[in-house]
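Report on the structure
Here are the chains, one letter per residue:
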Amino acid sequence: MSEKRPGVTVFLTGLSGAGKSTITDALVAELAAEGRPVTVLDGDVVRAHLSSELSFSKEHRDLNIRRIGWVAGEVVKHGGTVVVAAIAPYEAAREEARALVEEHGRFVLVHLSTPLEVCEDRDVKGLYAKARAGEIPVFTGLSDPYEPPARAELVIDTSVTPLAESVARIRSAMDGAAPPAG
Ligand SMILES: Nc1ncnc2c1ncn2[C@@H]1O[C@H](COP(=O)(O)OS(=O)(=O)O)[C@@H](OP(=O)(O)O)[C@H]1O
Ligand SMILES: Nc1ncnc2c1ncn2[C@@H]1O[C@H](COP(=O)(O)OP(=O)(O)O)[C@@H](O)[C@H]1O
């Protein structure tokens, strides 16, 4: 009988524009090429389907992350691989997600620590400009908090870390026992 790999969730947290979706896409492509299926829980997509009624209030963000944590736990329970890409700005909610997953398997928290100035400069969706113009009154990093994780397995600043290196570091943290960073 072949040995079954335990389930794992890689949880990417960071500001808008930090690189969550870009790294998710590259990581998922690499895993798919190896024949390893992945469940992707991207903040934008989850909000379009599972959390469509939620706002960006603290209460609703926490509920969103709790839902994501629960779904991730269900997939991990059956040996699956999950990649979460969500801002998830609050420590307590991230730790709740960790607890839900760790009931069943491994949880790798990846803090994309890309500085706000870089994220704003990228302004991939034009949201920082809108927020600066007052069109989005409460925006993470500008007028709403982001609590940096106290215990991330990995901390990656994408302004200085090439994409391939980020993916490689995440792969070794997923598959091996990487020491906690920071
Ligand atoms: N007010 C405000 N603050 C932050 N982000 C905002 C806001 N309004 C809309 N968006 C867009 O929503 C995406 C974040 O959704 P998440 O589900 O990841 O957020 S959270 O984890 O519930 O905090 C986020 O996606 P990313 O840019 O990919 O991070 C934004 O595009
Ligand atoms: N080394 C890097 N790693 C990840 N993204 C990078 C890097 N260098 C530049 N970028 C760019 O930064 C942007 C990050 O946007 P995105 O992945 O949508 O962030 P998020 O999902 O966190 O909002 C993309 O336009 C990407 O091409």
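Counting restarts for each chain, with residues numbered from 1 along the sequence as it is written. To read the labels, note that chains go from A and ligands from 1, taken in the order they are written. Only residues with pLDDT of at least 70 get local features here, since the model is predicted, and only at 80 or more are side-chain atom pairs given and counted; chain-wide, interface and lining totals rely on the full set of residues. For the side-chain quantities, the full set of heavy atoms in the structure was used; hydrogens and water were omitted.

1. A few points about the overall build of the protein chain
Elements are defined by DSSP. Helices are runs of H or I of four residues or more, strands are runs of E of two residues or more, and each kind is numbered from the N terminus. When helices and strands are counted, the protein chain shows seven helices and five strands. Of the regular secondary structure in the protein chain, the N- to C-terminal order runs β-α-β-α-α-β-α-β-α-α-β-α. C-alpha atoms define the radius of gyration in this analysis, and the globule rule sets the expected value at 2.2 Å times the number of residues to the power 0.38. On C-alpha atoms alone, the protein chain measures out to a radius of gyration of 16 Å, which is about the 16 Å that the 2.2 N^0.38 rule sets for 182 residues. Taken along its principal axes, the extent of the C-alpha atoms in the protein chain is 60 × 35 × 30 Å.

2. Here we look at the confidence of the model for the protein chain
When the pLDDT values of the protein chain are averaged, the result is 95; 95% of them are 70 or greater. Segment residues 178-182 is flagged for pLDDT under 50; beyond a separation of four residues in sequence, or across chains, it makes nine contacts in the model. Among the prediction metrics, the complex's ipTM stands at 0.98, with pTM recorded as 0.96. Confidence per residue, as judged by the predictor, is encoded in pLDDT with a range of 0 to 100. Contact between two residues is taken to exist if any of their heavy atoms lie within 4.5 Å; hydrogens are not considered.

3. Regarding the site of ligand 1
Lining the immediate surroundings of ligand 1 are 19 residues, of which Ser16, Arg47, Arg61, Ala88 and Val138 lie closest. Within the contact set of ligand 1, an oxygen atom lies 2.5 Å away from a side-chain nitrogen or oxygen of Ser16. We define a polar contact as two N or O atoms separated by no more than 3.5 Å, with the added condition that, inside protein, one atom must be a possible hydrogen donor and the other a possible acceptor, whereas residues neighbouring each other in sequence contribute only through side-chain atom pairs. In this structure, an oxygen atom belonging to ligand 1 sits 2.9 Å away from a side-chain N or O atom of Lys125. Look at ligand 1: alone it shows 640 Å² of surface, and the protein chains cover 91% of it. When residues of the shell around ligand 1 are traced back to their parent elements, those giving at least two are helix H2 (43-49) and helix H3 (58-77). To be near a molecule or strand, a residue needs just one of its heavy atoms within 4 Å of it. To measure how exposed things are, a 1.4 Å probe is used in the Shrake-Rupley method; for residues, cover is taken only from the protein chains shown.

4. Some words on the sheet that holds strand E5 (residues 154-156)
Strand pairing in a sheet takes place through backbone hydrogen bonds and is either antiparallel or parallel in direction. The five strands lie next to each other as E2-E3-E1-E4-E5, forming an open sheet whose pairing is parallel. Each of the sheet's edge strands pairs with one partner strand only, and the pair in question is strand E2 (39-42) and E5. In this sheet, adjacent strand axes meet at a mean angle of 15 degrees when their direction is disregarded. Pairing between strands is defined by DSSP: at least two bridges between the two strands are required. Here strand E1 (residues 8-14) runs beside strand E4 (residues 106-112); their pairing, made up of seven bridges, is parallel. Bridged to Gly14 within E4 is Leu112. Lines fitted to the C-alpha atoms define the axes, with helices restricted to the stretch that makes contact. Angles between their N-to-C directions range from 0 to 180 degrees. In the packing of helix H1 (residues 20-33) onto the sheet, contacts are made with E1, E2, strand E3 (81-86) and E4, and the angle to E3 comes to roughly 165 degrees. Across the sheet, H3 lies against E1, E2, E3 and E4, angled at about 165 degrees from E3, the strand it touches most.

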